[in-house]
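Listed below are the residues making up each chain.
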Amino acid sequence: MENRMSKKRKAEASANVVKIGNKTISLEGYLSKKPRKETPAPAVKENPDADLTPDDTAPTLGLDGKNLEDAAADLAVRKPPGAPEFFQTRQGLPLWSYQDEIRRILRQNDVLVLVGETGSGKSTQVPQFLYQEGWCQRRRVKIEEGGRTEEVSVGGVIAITQPRRVAATTLAHRVAREAGTPLVSVEKGGGDKPKYDTSKGLVGYSVRFDHRVPRGTRIKFVTEGMLLQELLRDPHLRQYSAIVVDEIHERSVDVDLLSGFLKQIVTGDKAGRAGIPLKVVIMSATANVESIKTFFSDSEAQKTRPVSGQQTSPSPVQFLQIEGRQFPVEITHTPKPVPDIQEALLKTIFKIHTGEPLQDKYGRNDILAFFTGQEDIEAAQRLIEEYAATLGPKVPKIKVLPLFGQLSMEAQHEAFQPIKASFTRKVVLATNIAETSVTVPGVRYVIDCGKAKVKKYRPRLGMESLLAKPISQSSAIQRAGRAGREGPGKCFRLYTEETYDELPKTDLPEILRTDVLGAILTMKARGIEDVLSFPLMDRPEVESVEKALLHLHILGALADDGSITDMGRKMVLFPVTAPYARVLLAAADPKYDCLLEVIDIISCITAGDDIFLQIKSEELKEEVEANRKELSRREGDLLTYLTAMQLYVAETSDRAQWCKARKINIRNMKQALNIRKQIRGLCVKQKMMEQPAPDPRPFAPTSPDKAATILKSFLKGFALKTAMLAPDSSYVTSHGKHVVAIHPSSVLHGQKKEAIMFLEHVYTQKNYAKKVSAIQAAWIAEALEG
DNA sequence: GAGCACTGC
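A brief look at the structure comes next. (Residues numbered from 1 in each chain as written. Chains lettered and ligands numbered in written order. Predicted model: local features only at pLDDT ≥ 70, side-chain atom pairs only at ≥ 80, totals over all residues. Heavy atoms only, no water.)

## Examining the side chain of Glu-651
Then, number 1: The residue Glu-651 is located in the loop between α23 (637-650) and α24 (655-662) in this model.
Then, number 2: Comment: no salt bridge for buried Glu-651; closest opposite-charge side chain is Arg-662, at 6.2 Å.
Then, number 3: At 2.5 Å, the side chain of Glu-651 forms a polar contact with the side chain of Ser-653. (Helix = DSSP H or I, 4+ residues; strand = E, 2+ residues; numbered from the N terminus. Buried < 20%, exposed > 50% of the residue type's maximum accessible area, 1.4 Å probe, protein only. Lys, Arg positive; Asp, Glu negative; His and termini not counted. Salt bridge = Lys/Arg side-chain N within 4 Å of Asp/Glu carboxyl O. Polar contact = N/O pair within 3.5 Å; in protein donor to acceptor, adjacent residues only side chain to side chain.)

## A closer look at the protein's contact with DNA strand B
Then, number 1: By nearness alone, 33 residues border DNA strand B, and Arg-165, Gln-229, Gly-405, Lys-453 and Gln-614 come closest of all.
Then, number 2: Among the atoms of DNA strand B close to the protein, meaning within 4 Å, 62% are from sugar or phosphate groups.
Then, number 3: Interatomic distance of 3.3 Å between a side-chain N/O atom of Thr-431 and a phosphate oxygen of DNA strand B.
Then, number 4: One nitrogen or oxygen atom from the side chain of Gln-678 is found 3.2 Å from a phosphate oxygen belonging to DNA strand B.
Then, number 5: Of all elements in the fold, only α8 (224-233) and β20 (451-458) reach the threshold of two or more residues within the surface near DNA strand B.
Then, number 6: Ranked by residue count, the leading element in the surface near DNA strand B is α8, at five residues.
Then, number 7: Across the surface near DNA strand B, the residue classes break down as 10 nonpolar, 16 polar and seven charged. (Near = heavy atom within 4 Å. Nonpolar A, V, L, I, M, F, W, Y, C, P; charged D, E, K, R; others polar.)

## Overview of the packing of helix α21 (residues 595-606) against helix α25 (residues 666-685)
Then, number 1: At their nearest, the axes of α21 and α25 sit 8 Å apart, and the two run at 140 degrees to each other. One way to sum up the angle between α21 and α25 is to call them oblique. As for how α21 packs across α25, the hand of that crossing is right-handed. Residue-level contacts link Leu-595, Leu-596, Ile-599, Asp-600, Ile-602, Ser-603, Cys-604 and Thr-606 of α21 to Met-669, Ala-672, Ile-675, Arg-676, Ile-679, Arg-680 and Cys-683 of α25.
Then, number 2: Residue composition of the contact of α21 with α25, grouped by class: 10 nonpolar, two polar and three charged. (Axes fitted to C-alpha atoms, helices over the stretch in contact; angles between N-to-C directions. Parallel < 35°, antiparallel > 145°, perpendicular 65-115°, else oblique. Left-handed = near helix turned anticlockwise from the far one by under 90°. Contact = heavy atoms within 4.5 Å.)

## Digging into the sheet that holds strand β9 (residues 219-223)
Then, number 1: Sheet architecture is open: eight strands sit in the order β8-β7-β9-β6-β10-β11-β3-β12, paired in mixed fashion. Strands with a single pairing partner mark the edges of an open sheet, and in this sheet they are β8 (210-212) and β12 (318-322). Across the sheet, the mean angle separating the axes of adjacent strands is 20 degrees when strand polarity is ignored.
Then, number 2: As paired elements, strand β6 (residues 157-162) and β9 share five bridges and run parallel to each other. Among the inter-strand pairings, Gln-162 is bridged to a residue of β9, identified as Thr-223. (Pairing = 2+ DSSP bridges.)

## Some points on the pattern of salt bridges
Side-chain pairs of opposite charge can arise where the charged atoms are in close proximity.
Then, number 1: Tallied over the full model, the rule gives 28 salt bridges.
Then, number 2: For Glu-151, the salt bridge is made with Arg-140, and the minimal N-O distance between the two is 3.2 Å. One end of the pair, Glu-151, is in strand β5 (residues 148-154); the other, Arg-140, is in strand β4 (residues 139-145), and 11 residues separate them in sequence.
Then, number 3: Of the charged contacts in the structure, one is a salt bridge between Arg-444 and Asp-360, with a shortest N-O distance of 2.8 Å. Of the two residues, Arg-444 is situated in strand β19 (residues 443-448) and Asp-360 in strand β14 (residues 359-360); the sequence distance between them amounts to 84 residues.
Then, number 4: Asp-360 sits in the partly exposed class, given a relative accessible area of 29%.
Then, number 5: Because the salt bridges share partners, they merge into one network encompassing Asp-100, Arg-103, Arg-107 and Glu-133.

## Re the pairing of strand β11 (residues 279-284)
Then, number 1: Among the six residues that make up β11, six are buried, leaving the element largely enclosed by the rest of the structure.
Then, number 2: For the handedness criterion, the β-α-β arrangement of strand β10 (residues 240-245), helix α9 (residues 253-267) and β11 is classed as right-handed. (Right-handed = clockwise from strand over helix to strand, strands pointing away.)

## Here we look at the sheet that holds strand β13 (residues 329-333)
Sheet strands associate in pairs through backbone hydrogen bonding, adopting either a parallel or an antiparallel arrangement.
Then, number 1: The strand order β13-β22-β19-β16-β18-β17 describes an open sheet built from six strands, whose pairing is parallel. Looking along the sheet, the strands with just one partner apiece sit at the ends: β13 and β17 (397-403). This sheet shows a mean twist of 20 degrees between the axes of neighbouring strands, independent of strand direction.
Then, number 2: Bridge count between β19 and strand β22 (residues 489-493): four bridges; the pairing is parallel. Bridge assignment links Tyr-445 to a residue of β22, and that residue is Lys-490.
Then, number 3: Across the sheet, helix α12 (residues 374-388) is in contact with β17 and β18 (424-430); its angle to β17 comes to roughly 170 degrees.

Function-wise, these values are silent; they only describe arrangement.
Shown next, in the form of structure tokens:
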């Protein structure tokens, strides 16, 4: 609330401006409550491909009876190199016949855009085709930097980026086996000695919490975020001869930023690499790559390319398209728009079930239906089960399996298993999770409702919305493709062909749907002064960028002239969003001195979805709620998370049972412990605290005074996410004056407090505040003071 | 009284 903001702050606000490039923005405008019209923007989830299924993780030793030296000897005499038992499979991949062409293109060019559909083998084969190329060798060179000459190594390694950790690690394991230097899992091997010398190898990976980079690694699978972090240390990516950007069609914020930095390296002055080019292979599973090709081709910098010993000047971006290995999928649209999608979905399921065979020569004929969310899935499940009970003895039975992210691991796993009962058809009711993240085996019929829930950030309102929106054509194609993985399939679209034609070709990339706060800070920390001119495939609206710059200024990450501050540099070292990083820095301040507590809370929050699972059945409800009583704190959700973490750590006998009794997501809790360890380590390294005492530590409840201090440190990052209780018992936000309701998942739901702070603000059916704490109004002004 | 999907030295 502006009238509660301190006078000092107001005075500063009117005086302070942020400069971006040649633009000047005043803080006054940011803090004004002038209403603005929201522009509606349709958007949808991204898209496809995964050249592997989760089952691929199974570790195998391979190369029976051989050791690393033998494999190395093979390598020298054989062409292609690698473990012989994989030759046949690899040679059968569509990509195999393109290997000479791929090598030829990259000998002559720096950038290749490669379109390869699901199953083409691009993720596993491309790095193996390239690592023995002449340009891919490591070289000792002299580089002039700051007036002095330095001898450094450039090149030698190929990095392949993946949007997800599992993809990076499973691909690395598979390629390592194919290359004949498997990454034997020491942990999983139990007491057995690994068969191979795992300290050496051609293939490695590096993802958060998990790094396996053997000596001699030439092919390294990394997450996009990991490479962005490496860029912080090494802006020229000197370790690498090539970067293979996989799954670019998913268009994560990280891949967009990475593309910008790669474009700068490829087209810019390569003095930092002693003139040695960095090769870039962009890989997409969808053919819609025009904008990507244009992005990497058109460059002003290309004209001023240095001539320091470079033989070839780069030609335009090369392009190669490889067919996938999909079975044909017959697509049916509805002749007319359906009035009730839920009803149409059910009718289509029954029609397929009664009219189509249960099995054929390709295998099982299961059904996968795409829904928008959990609520629809659960409603449909009840109706299908009711219907299934009425089926005659000659009709196959139906087994309904829901599949969405909030389900437990075991429940999700059930959807991947073949049905054990005979004469039964599996019907999987899934959210978008089945479009990209997981592959359900056995599916031959897909039903596509044409919608998906999409999260979109509304910069003008400073909040997010999560609503069902029409999907894109490429998303619809991806959904249909799920029917053709194991045999010819059928896809039933519950919308007309005209509707399909009018859908956007691709989904809105994440950078246009999300708060660009993090992206801007990432750029600033990597030396981008004028963020508006940084090369991006899709540019966020200038207003969104300005909002983010101002927010970063308020957080203290940017100085008045828009340059990054020491605090900003510290903030980017933490694997949390900028506001959380600000809270960590505040908590380390002697004035607050509550860093350990704040780390515990932030670890719980950033571990994924809520650590508290929802309680479904009525009978369990009372029991679980009774068990949760000891965790619950009247100060709100943050102190409740802290108590949960402290009790979890103090629990030494059976943590799994402890979680089960309270319906706490143990997977997220374990992840929270990982994050806690990582953040603690970073804080020690930054001299923000001493090495903390090891676990377990006995539980002692946090005192009300300490709780207040913790909440005050959170306000340092979230002062704008506060609301006051109005006379009509609603909460009105101090920034924007919106009415918000406390989300039912909060321990403060239904309670009236003088003022609240909330870490998340999402519009679904209502304007909801999530992760809520009770605060005093006076604390808000205090937090904004300095 | 309610929850698309991912992710970070």
